[in-house]
Amino acid sequence: MSIVKTMRAKDGMRGFGLVETLMALAIGGVAAIAAIGIFSSGIKAIRGAARAERLHTNAVLIGERFAYWARRGEASTLPDLETVIFDLPGGATKTFSRAGGVLTEDGEALTSGDVNMTALRFEKIGGTVRVAFTLFVPGAEESFSGTTTAAMRNEL
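Structural notes, computed from the coordinates. (Residues numbered from 1 in each chain as written. Predicted model: local features only at pLDDT ≥ 70, side-chain atom pairs only at ≥ 80, totals over all residues. Heavy atoms only, no water.)

## Looking at the side chain of serine 97
Along the polypeptide, serine 97 turns up in strand E3 (residues 93-99). Here serine 97 falls in the buried class, since its relative accessible area comes to 17%. If sequence neighbours within four positions are ignored, serine 97 has contacts with Glu82, Thr83, Val102, Leu103, Thr104 and Leu120. (Helix = DSSP H or I, 4+ residues; strand = E, 2+ residues; numbered from the N terminus. Buried < 20%, exposed > 50% of the residue type's maximum accessible area, 1.4 Å probe, protein only. Contact = heavy atoms within 4.5 Å.)

See the structure below:
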């Protein structure tokens, strides 16, 4: 028996034809489109979670910095609803205010560059000072509203 005879297909047996190949390509294409859809929705969810984490981190930073300086203040002044000035021992001051879309501490931005502040309100309540704020990332659905109240030790 020669090699040529052993390599030939037996009667009635053939390889993949055009129809079978096209069907396999169509099934593979549908599976690829489904995988791309799942992947892109997963990427959107991951980006949303990252934005929410940045908002939360900025809110925690605002609350901690505000409370830190409020506790050290001897007195506080609210020239307007979006500004508070803490008078510190030794004649120094610490000012929190909104400039554009960011919260500033003595003129320096306290929030990160991609996080904006839509609302800010300072309020004096007895020997405490309260800050209420809303943060958001432009072009995204996520926002974060927070309130922090800090007692001024020297005013209690």
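Now that the structure is up, let's keep going.
## A closer look at the pattern of salt bridges
Pairing between side chains becomes possible if they bear opposite charge and their charged atoms approach one another. Here the structure, examined in full by the defined rule, presents 6 salt bridges. For glutamate 105, the salt bridge goes to arginine 65, with nearest N and O atoms at 2.4 Å. In this pair, glutamate 105 is assigned in strand E4 (residues 102-105) and arginine 65 in helix H2 (residues 18-72), connecting sequence segments 40 residues apart. A salt bridge links lysine 94 to glutamate 105; its shortest N-O distance comes to 3.3 Å. In this pair, lysine 94 is assigned in strand E3 and glutamate 105 in strand E4, connecting sequence segments 11 residues apart. Glutamate 105 carries the same exposure label as lysine 94, and that label is buried. Among the charged side chains, a network of salt bridges with common partners joins Arg65, Lys94, Glu105 and Asp106. (Salt bridge = Lys/Arg side-chain N within 4 Å of Asp/Glu carboxyl O.)

## Remarks on the nonpolar core
Counting residues in each nonpolar core, the largest one holds 24 residues, and the members touching the most others are Phe66, Phe86, Phe122, Phe133 and Leu135. At the level of secondary structure, the elements contributing two or more residues to this core comprise H2, strand E2 (83-87), strand E6 (116-125) and strand E7 (128-136). A per-element tally of this core places H2 first, with 7 residues. (Core = buried A, V, L, I, M, F, W, Y, C linked by side-chain atoms within 4.5 Å.)

## Considerations on the environment of valine 115
Along the chain, valine 115 turns up in the loop between strand E5 (108-109) and E6. Along the primary structure valine 115 and phenylalanine 136 are separated by 21 residues, whereas in three dimensions their C-alpha atoms are 5.7 Å apart. With sequence-adjacent residues up to four places away left out, valine 115 is seen in contact with Leu55, Asn58, Gly101, Val102, Leu135, Phe136 and Val137.

## With respect to the pairing of E3
Two faces, one strand: in a regular strand the side chains alternate between the faces of the sheet. In this sheet, E3 lies alongside E2 in antiparallel orientation, the contact comprising 5 bridges. Its bridge partner being in E3, threonine 83 is matched across the sheet by serine 97. Between E2 and E3, which pair antiparallel one after the other, the connecting turn spans 5 residues, and glycine 90 there sits at a positive phi close to 85°. Sheet topology note: the E3/E4 ladder contains 4 bridges and is antiparallel. Across the sheet, residue serine 97 finds its bridge partner in E4, namely threonine 104. Counting the residues in the hairpin turn of E3 and E4 gives 2 residues, including glycine 100, whose phi is positive at 70°. (Pairing = 2+ DSSP bridges.)

## A word on the pairing of E6
Relative to E7, E6 runs antiparallel, the two sharing 9 bridges. Residue pairing across strands places methionine 117 opposite leucine 135, the latter belonging to E7. Counted between consecutive antiparallel strands, the loop separating E6 from E7 contains 2 residues, among which glycine 126 sits at a positive phi close to 60°.

## Description of the packing of aromatic side chains
Within the structure shown, the criterion is met by 5 aromatic pairs. Residues phenylalanine 66 and phenylalanine 86 carry aromatic rings whose centres are separated by 5.7 Å and whose planes lie at 55° to one another, so their mutual orientation is tilted. Placement of the pair is phenylalanine 66 in helix H2 and phenylalanine 86 in strand E2, with a sequence separation of 20 residues. Each member of the pair, phenylalanine 66 together with phenylalanine 86, is buried. Geometrically, the ring pair formed by phenylalanine 86 and phenylalanine 96 is edge-to-face, given 6.1 Å between the ring centres and 75° between the ring planes. Residue phenylalanine 86 is found in strand E2, and its partner phenylalanine 96 is found in strand E3; the two are separated by 10 residues along the sequence. Residue classification places phenylalanine 96 among the buried residues on the basis of a relative accessible area of 1%. Each residue in the set Phe66, Phe86, Phe96 and Phe122 is aromatic and connected to the rest through ring pairs, giving one cluster. Lying over the aromatic face of tyrosine 68, arginine 72 brings its terminal NZ or CZ to 3.8 Å of the ring centre. (Phe/Tyr/Trp six-rings, centres within 6.5 Å; stacked < 30°, edge-to-face > 60°. Lys NZ or Arg CZ within 6 Å of the ring centre and 35° of its normal.)

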